[in-house]
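So the chains spell out like this:
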Amino acid sequence: MRASATFKLALAIATSGAALTGCTTAATTGNSLPAASFVSTDDEVSEKYIIGALDELTVFVWRNPELGAKVQVRPDGRITTPLITDMPAVGKTPAQLAEDIKKSLTQYIEEPLVSVMVDKFQGTFSQQVRIVGATEKPASLPYRANMTLLDAMIAVGGLSEYAAGDRARLVRQDKASGTQKEYDLKIARLLKKGDTSANVKLEPGDVIIIPESMF
C-alpha cells in the first residue's frame, strides 16, 4: 500500500515537472543563422540607401545656392525646395532625387548641377530593423551596413527583466521567394554569457520578437 502511494506521488511530481517545462519552453522554428563576428574585419558596402519619410536632406545646386535648401522629407514622402513644390522623395536614392530635381530646374536654368546629401536618416520601413517585445525600449532602428544582433540590442538597452531572450525569433522577408521566414535567436546567451555564436548579421527589414518568460 505504501509502495503504491509512493509511486503515485513520484508520478505526480514527474508529470507536474513536465508540464512546467512545457510552459516555459516555446516551440522553436528549427532555423538558425550563421554567426557573425563581434568585431568586423571585412566590412562590406551595403545596398544603396533609399530615402524615407522624416529624413533630413541638403539639396545643393552648383552656382545657384539660392535654389538649394536643407529640408526634411514630409510624412507624405515629399519635399519642397525653391521653385519646386511637392517633389516625391521617398523610395528614391539621393542620386535619383538629385536627377529629378535637375529635370525640374531645367525650365529655369541651363544644365543645373544638383546633389542631394542625407544629413539625418530614418530610412523606409523596408530598411529599418524593428525590435519589439520584452526589451528595455522597443524601437525601429535605421539599418546600417554590417549591423549585427549585438548592435541592435545595445541600441535598445538590452533585455527587460522578464525577457525570455533565448526564445526570441527573427522574422525576415525572403527576397527570392517573397515569403517570410523565421529564425531562432539566443539573445540571453549572447548578452549574459558572451556567446559569440549567438551573434548574427541583420538585414534591412528584419523584425526581432522577444517574448516574456511566464515564470
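Relevant structure appears above.
Residues numbered from 1 in each chain as written. Predicted model: local features only at pLDDT ≥ 70, side-chain atom pairs only at ≥ 80, totals over all residues. Heavy atoms only, no water.

Chemist: Account for the packing of aromatic side chains, naming residues and giving values.
Modeler: Summed over the entire model, instances satisfying the criterion amount to one aromatic pair. Ring geometry for Y49 versus F121: centroids 6.0 Å apart, planes at 75°, classification edge-to-face. Of this pair, Y49 sits in the loop between α1 (2-24) and β1 (56-61) while F121 sits in the loop between β5 (114-120) and β6 (128-133), and the two are 72 residues apart along the sequence. Relative accessible area serves as the criterion here: at 43%, F121 is assigned to the partly exposed category. (Phe/Tyr/Trp six-rings, centres within 6.5 Å; stacked < 30°, edge-to-face > 60°. Helix = DSSP H or I, 4+ residues; strand = E, 2+ residues; numbered from the N terminus. Buried < 20%, exposed > 50% of the residue type's maximum accessible area, 1.4 Å probe, protein only.)

Chemist: Lay out the sheet that holds β5 in plain terms, naming residues and giving numbers.
Modeler: Strand order in the open sheet formed by three strands is β2-β1-β5, with antiparallel pairing between adjacent strands. Since the sheet does not close on itself, it has two edges, and those belong to β2 (69-72) and β5, each with one partner. Going from strand to strand, the sheet's axes swing by 25° on average, the running direction of each strand aside. Pairing analysis gives six bridges linking β1 to β5, with the strands arranged antiparallel. Note on β5: the bridge partner recorded for F60 is S115. (Pairing = 2+ DSSP bridges. Axes fitted to C-alpha atoms, helices over the stretch in contact; angles between N-to-C directions.)

Chemist: Would you mind going over unusual backbone geometry in detail, with residue names and values included?
Modeler: Keep in mind that most residues, glycine aside, have a negative phi and that most peptide bonds are trans. With phi around 75°, L54 is a residue other than glycine that occupies positive phi space. With respect to the helices and strands, the residue L54 is situated in the loop between α1 and β1. For N146, which is not glycine, the phi dihedral falls at a positive 65°. In this structure N146 comes out as buried when scored by relative accessible area, which is 16%.

Chemist: Explain a nonpolar patch on the surface to me, and be specific about the residues and the numbers.
Modeler: A surface patch of nonpolar side chains, about 400 Å² in accessible area, is lined by F60, W62, L113 and M117. Inspection of the secondary structure assignment puts M117 in strand β5. (Patch = residues over 30% accessible without salt bridge, like charges linked within 9 Å, V, L, I, M, F, W, Y side chains within 5 Å. Areas by Shrake-Rupley, 256 points an atom, 1.4 Å probe, with all protein chains shown as cover. Salt bridge = Lys/Arg side-chain N within 4 Å of Asp/Glu carboxyl O.)

Chemist: Give a detailed account of the side chain of T93, specifying residues and quantitative values.
Modeler: Mapped onto the elements of the fold, T93 is located in the loop between β4 (84-88) and α2 (94-105). A residue is classified by how much of its surface remains accessible, and T93, at 12% relative accessible area, is buried. Apart from residues lying up to four places away in sequence, T93 is in contact with K48, Y49, I50 and I51. (Contact = heavy atoms within 4.5 Å.)

Chemist: Hey, could you go over the sheet that holds strand β10 (residues 207-210) for me, with residue numbers and the actual values?
Modeler: By way of backbone hydrogen bonds, the strands of a sheet pair with one another, either parallel or antiparallel. Pairing is mixed across the open sheet formed by five strands, whose spatial order is β7-β6-β10-β8-β9. Strands with a single pairing partner mark the edges of an open sheet, and in this sheet they are β7 (139-142) and β9 (179-185). On average, each strand axis in the sheet is inclined to that of its neighbour by 20°, with strand direction left out of account.

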